[in-house]
Amino acid sequence: MTATESDAYRDRYPELFVILDEVGLSLSPRVCAERLGLSKSSFDRELRRRQLPHFRVLRNWHYVLKLHELASHSGSLAAVANARGDYPAVLYRFFERTTGFPWGGYENLHGMM
């Protein structure tokens, strides 16, 4: 997912991204649906209707983009992890699982983000 795609998704369902900005990675699809006033199945249908990927894909990529932004300001992903009280390895693995690229190769993605 590129930053342009993220913006397009944000335009399709702005209420969802407000919740993602507030809560972050710990948000479950059920809790998100409840905060939007929907059942879980209605929420899933709403995502499909708005031509959006599955909730967990959206949530993870949204978080990756936030990590990238934070790291660009703080200088490194390790600094972001330490500031948040997380282990750096956890964020490095999360980034790689989500993007398919190691953090060290994120410069390759930089043009996409």
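Scroll up to find the structure.
Trainee: How do you make sense of the overall build of the protein when you look at a structure like this?
Mentor: Within the protein one finds eight helices and zero strands. Ordered by position in the sequence, the α and β elements of the protein form the string α-α-α-α-α-α-α-α. Each of the 113 residues in the protein was classed as buried or not, and the buried ones make up 39%. At a minimum sequence separation of 6, the contacts of the protein that also span at least 24 residues come to 53%. Surface summary for the protein: the accessible area is close to 6500 Å², and the carbon and sulfur share equals 51%.

Trainee: Before we go on, may I ask you to explain the packing of helix α5 (residues 55–74) against helix α7 (residues 88–99) in this structure?
Mentor: Two quantities define a packed helix pair, namely the angle between the axes and the distance from one axis to the other. One can describe the packing of α5 onto α7 by two numbers: an axis separation of 10 Å at closest approach and a directional angle of 125 degrees. When the axes of α5 and α7 are compared, the pair comes out oblique. You can see that α5 and α7 cross each other, and the crossing is left-handed. Residues Asn-60, Trp-61, Tyr-63, Val-64 and Leu-67 of α5 form the contact with α7, whose own contacting residues are Leu-91, Phe-94, Phe-95, Thr-98 and Thr-99. Of the residues contributing to the contact of α5 with α7, the split by class is seven nonpolar, three polar and no charged.

Trainee: Looking at this model, I keep getting lost on unusual backbone geometry. Mind explaining?
Mentor: Phi is mostly negative for residues that are not glycine, and the peptide bonds are mostly trans. If you check the backbone angles, Gln-51 has positive phi at about 55 degrees while not being a glycine. Along the chain, Gln-51 falls in the loop between α4 (40–49) and α5.

Trainee: So what exactly am I meant to see when it comes to the packing of aromatic side chains here?
Mentor: Two measures describe an aromatic ring pair: the distance that separates the ring centres and the angle between the ring planes. This model, assessed by the stated rule, comprises four aromatic pairs. Arranged with centres 6.4 Å apart and planes meeting at 50 degrees, the rings of Tyr-13 and Phe-43 form a pair that is tilted. Of the two residues, Tyr-13 is situated in the loop between α1 (3–12) and α2 (14–23) and Phe-43 in helix α4; the sequence distance between them amounts to 30 residues. Take Tyr-13 and Phe-43: they sit in the same class, and that class is buried.

Trainee: Which parts of the structure should I look at to understand the pattern of salt bridges?
Mentor: Where side chains of opposite charge bring their charged atoms close, a pairing between them can arise. For the coordinates displayed, the defined rule picks out five salt bridges. Shared partners join several salt bridges into a network, and the residues in it are Glu-15, Glu-46, Arg-49 and Arg-50.

Trainee: Please clarify how the packing of helix α6 (residues 77–84) against α7 should be interpreted in this entry.
Mentor: Closest axis-to-axis distance for the α6/α7 pair is 8 Å, and the angle between their directions is 125 degrees. Judged by the inter-axis angle, α6 sits oblique to α7. In the packing of α6 onto α7, the handedness of the crossing is right-handed. Each of Leu-77, Ala-78, Val-80, Ala-81 and Asn-82 in α6 lies in contact with α7, whose residues at this interface are Pro-88, Leu-91 and Tyr-92. Taken together, the residues of the contact of α6 with α7 sort by class into seven nonpolar, one polar and no charged.

So, how was this worked out
- Residues numbered from 1 in each chain as written.
- Predicted model: local features only at pLDDT ≥ 70, side-chain atom pairs only at ≥ 80, totals over all residues.
- Heavy atoms only, no water.
- Helix = DSSP H or I, 4+ residues; strand = E, 2+ residues; numbered from the N terminus.
- Buried < 20%, exposed > 50% of the residue type's maximum accessible area, 1.4 Å probe, protein only.
- Contact = heavy atoms within 4.5 Å.
- Areas by Shrake-Rupley, 256 points an atom, 1.4 Å probe, with all protein chains shown as cover.
- Axes fitted to C-alpha atoms, helices over the stretch in contact; angles between N-to-C directions.
- Parallel < 35°, antiparallel > 145°, perpendicular 65-115°, else oblique.
- Left-handed = near helix turned anticlockwise from the far one by under 90°.
- Nonpolar A, V, L, I, M, F, W, Y, C, P; charged D, E, K, R; others polar.
- Phe/Tyr/Trp six-rings, centres within 6.5 Å; stacked < 30°, edge-to-face > 60°.
- Salt bridge = Lys/Arg side-chain N within 4 Å of Asp/Glu carboxyl O.

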